[in-house]
Amino acid sequence: MISVTKFLLGTSHFGDSLRYRHCTEKNPHGTSPGHGPVVAWNITQTCNLNCIHCYMNSANKKYEGELTHEEALGFIDDLGGFKVPVLLFSGGEPLIREDFFALAQHASKLNIRPTVSTNGTLISRKVAETLKSIGVGYVGISLDGLKDVNDRFRAQAGAFDAALTGIENCVAVGQKVGLRFTINRHNVKQLNDIFDLVEKMNIDRICFYHLVYTGRGSTMVAEDISHEESRQAMDLIIERTLDFHRRGLHKEILTVDNHADGIYIYQKLKEMDPSRADEVYRLMKINGGNRSGIAFANVDSTGNVHPDQFTQNHLIGNIRERPFSEIWTDESHPILRGLKNRKSLLKGRCGECQWVDLCNGNFRARAEAVTGDFWGSDPACYLTDEEIGLSSHCLNGGGAKL
């Protein structure tokens, strides 16, 4: 996750304290020494929508084998003892689960910041008030474009209007809320419109996600934007972020799932504001790039533990058999062990890239989806060979650093 506002403007928000906290000692199992990772928890696979890019393959039906209420509480207790800073409740649609509010409140009481990833269609005024009252730190509501595009992606007419109502209800009660927007070739031309919507509706935050090819989204490789379109999208995001700042509109703008964005911003700032560029380099060095398997984890609705929510084809363990804290610190699994110290395993462009200490090989799920090799190059890196310092050896077929 790249904080565009932090990089361009130096502003600070809650997540920045986790992403850019300087520590003299690195923690291979969490966000910082003494703390566990941020955990994304798919508390149910059931969903009232049927989005074509869903990584969970969710549908509006009952799924067997999901964690019971008692098992869920025990899981949260373990996260509290492991000092997990943030628990992201996701799905499916998390608000469908009957005990969601009790679970989120339990996390809050254990000093774990509960956040919610939702399609927003079920957030009435009363639900928004309850979210705020139990201490939910942030509600992220997914949109995939304006009305027609969004409803086609969500496979339900009226989903756009219902999500906007959910946003309005959160804003009305003072619950921090943001948009989650996954960029693809069907909606990339609506980026300006989404910025306008954020301003019009007084939304606090927007996260622009890069497409990850997994779940139902695994069929969408051809739906991703080109490298040139990625650069154009970043130029627009940079300009609109600066425009908000110039007009005194305080918004948090982030991009997610592509650490090439940070390098791209850094290179732009070297021309625009060299001193700011130096600070951005320092922040990227502190962050260390992609931290799946290190400072970010996923647990699905049946208790399976994965490196992140897009890598659910790799099972690390199950919390019904061992506590999450034990699973996450056990490096006997080759994928988890590799992720914690991956640089020597990376191949191709990622293995030769001069920015590997700042990017950490970007997103492994995309690499595996396209190349068949978990340690292959991420095809969504839009930086040119020249920008990543690719050697003539690699251009002639060289592989990973050994």
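In the annotation of an unreviewed UniProt entry, the entry for the protein chain reads Mycofactocin maturase MftC, and the organism field reads Alkaliphilus metalliredigens. Per UniProt, the protein chain carries the Cofactor (unreviewed entry) text "[4Fe-4S] cluster".

A. Representation of the overall build of the protein chain within the structure. A count of helices and strands for the protein chain gives 17 helices and 11 strands. At 20 Å, the protein chain has a C-alpha radius of gyration in line with the 21 Å of a compact globule built from 402 residues. Dimensions of the protein chain along its principal axes, counting C-alpha atoms only, are 60 × 50 × 40 Å. In the protein chain, the share of contacts with a sequence separation of at least 24, taken over all contacts with a separation of at least 6, comes to 71%. A total of about 16,100 Å² of accessible surface is found on the protein chain, and carbon and sulfur atoms cover 50% of it. The distance from the centre of the 45 positive side-chain charges to the centre of the 49 negative ones in the protein chain is 3 Å.

B. Just the state of the cysteines, in detail. Applying the stated rule across the entire model yields zero disulfides. Between Cys170, a cysteine without a disulfide, and Cys207, which holds the nearest cysteine sulfur, the sulfur-to-sulfur distance is 14 Å. For Cys170, a relative accessible area of 0% gives the class buried.

C. How the structure looks around the pairing of strand S8 (residues 252-256). Of all five residues in S8, five are buried, a share of seventy percent or more. Neither face of S8 is open: one carries Glu252, Leu254 and Val256, the other Ile253 and Thr255, and all of them are buried. Here two bridges tie strand S1 (residues 2-3) to S8, and the two strands are oriented antiparallel to one another. Residue Ser3 lies in a different strand from S8, and its bridge partner there is Leu254.

D. View of the pairing of strand S3 (residues 86-90). Taking burial as the measure, the five residues of S3 include five buried ones, the bulk of the element. The two faces of S3 match: Val86, Leu88 and Ser90 on one face and Leu87 and Phe89 on the other face are all buried. As defined by bridge partners, strand S2 (residues 38-42) adjoins S3 across four bridges and the pair is classed as parallel. Opposite Ala40, over in S3, you have Leu88 as the bridge partner. Sheet topology note: the S3/strand S4 (residues 113-118) ladder contains four bridges and is parallel.

E. Highlighting helix H3 (residues 69-81). Between its terminal C-alpha atoms H3 stretches 19 Å, which fits the 18 Å expected from 13 residues at 1.5 Å a residue. Listed as buried for H3 are Ala72, Phe75, Ile76, Asp78 and Leu79. On an axial view of H3, the arc spanned by its buried residues comes to 155°, and they lie on one face. Of the exposed residues in H3, those oriented more than 90 degrees away from the buried face are Glu70 and Gly81.

F. Spatial organisation of the confidence of the model for the protein chain. In the predicted model, the protein chain carries a mean pLDDT of 91, and 93% of its residues have values of at least 70. Scored below 50 in pLDDT, residues 392-402 shows 22 contacts in the model against residues more than four places distant or in partner chains.

G. Representation of the nonpolar core. Core analysis: the biggest nonpolar cluster contains 88 residues, and Trp41, Phe208 and Phe324 have the highest contact counts within it. Among residues more than four places away in sequence, those in contact with Trp41 are Leu67, Ala72, Phe75, Ile76, Leu87, Leu88, Phe89, Ser90, Leu103, Val299 and Asp300. Within the second largest apolar cluster, seven residues are counted, among which are Ile335, Leu346, Val356 and Phe374.

H. Spatial organisation of the sheet that holds S4. Strand order across the open sheet formed by 11 strands is S1-S8-S7-S6-S5-S4-S3-S2-S9-S10-S11, with mixed pairing between neighbours. In this open sheet, the two edge strands, each paired with only one partner strand, are S1 and strand S11 (317-318). Of the pairings in the sheet, the one linking S2 to strand S9 (residues 296-299) comprises four bridges and is parallel in character. Residue pairing across strands places Ala40 opposite Asn298, the latter belonging to S9.

I. Structural view of the packing of helix H6 (residues 147-154) against helix H7 (residues 159-173). Where H6 meets H7, the closest approach of the two axes is 8 Å, and the angle between their N-to-C directions is 105°. Considering the angle they form, H6 stands roughly perpendicular to H7. Judged by residue contacts, Lys147, Asn150, Asp151 and Arg154 of H6 engage Ala159, Phe160 and Asp161 from H7.

J. Molecular detail of the pattern of salt bridges. Taken as a whole, this structure holds 22 salt bridges when the rule is applied. The shortest N-O distance in the salt bridge between Arg322 and Asp330 comes to 3.2 Å. Where Asp373 meets Lys347, a salt bridge forms, and the shortest distance between an N and an O atom there is 2.6 Å. With Asp373 in the loop between helix H16 (364-371) and helix H17 (392-395) and Lys347 in the loop between helix H13 (334-340) and helix H14 (348-352), the pair connects residues that are 26 residues apart, well separated along the chain. The exposure class assigned to Asp373 is partly exposed, which follows from its relative accessible area of 23%. With relative accessibility at 36%, the residue Lys347 sits in the partly exposed group. When salt bridges with common partners are traced through the structure, they connect Asp16, Arg19, Lys176, Arg205 and Glu252 into a single cluster.

K. Layout of the side chain of Asn362. Note on placement: Asn362 falls in the loop between helix H15 (356-359) and H16. Excluding its chain neighbours within four sequence positions, the residues that come into contact with Asn362 are Asp257, Asn258, His259, Ala260, Asn290, Arg342, Asp378 and Cys381.

The rules we used
- Residues numbered from 1 in each chain as written.
- Predicted model: local features only at pLDDT ≥ 70, side-chain atom pairs only at ≥ 80, totals over all residues.
- Heavy atoms only, no water.
- UniProt positions renumbered as here; feature names shortened; annotations may be inferred.
- Helix = DSSP H or I, 4+ residues; strand = E, 2+ residues; numbered from the N terminus.
- Rg over C-alpha atoms; globule rule 2.2 N^0.38 Å.
- Contact = heavy atoms within 4.5 Å.
- Areas by Shrake-Rupley, 256 points an atom, 1.4 Å probe, with all protein chains shown as cover.
- Lys, Arg positive; Asp, Glu negative; His and termini not counted.
- Charge placed at Lys NZ, Arg CZ, Asp CG, Glu CD.
- Disulfide = S-S within 2.5 Å.
- Buried < 20%, exposed > 50% of the residue type's maximum accessible area, 1.4 Å probe, protein only.
- Pairing = 2+ DSSP bridges.
- Expected span 1.5 Å × (residues − 1).
- Arc of directions from axis to C-beta.
- pLDDT = per-residue confidence, 0-100.
- Core = buried A, V, L, I, M, F, W, Y, C linked by side-chain atoms within 4.5 Å.
- Axes fitted to C-alpha atoms, helices over the stretch in contact; angles between N-to-C directions.
- Parallel < 35°, antiparallel > 145°, perpendicular 65-115°, else oblique.
- Salt bridge = Lys/Arg side-chain N within 4 Å of Asp/Glu carboxyl O.

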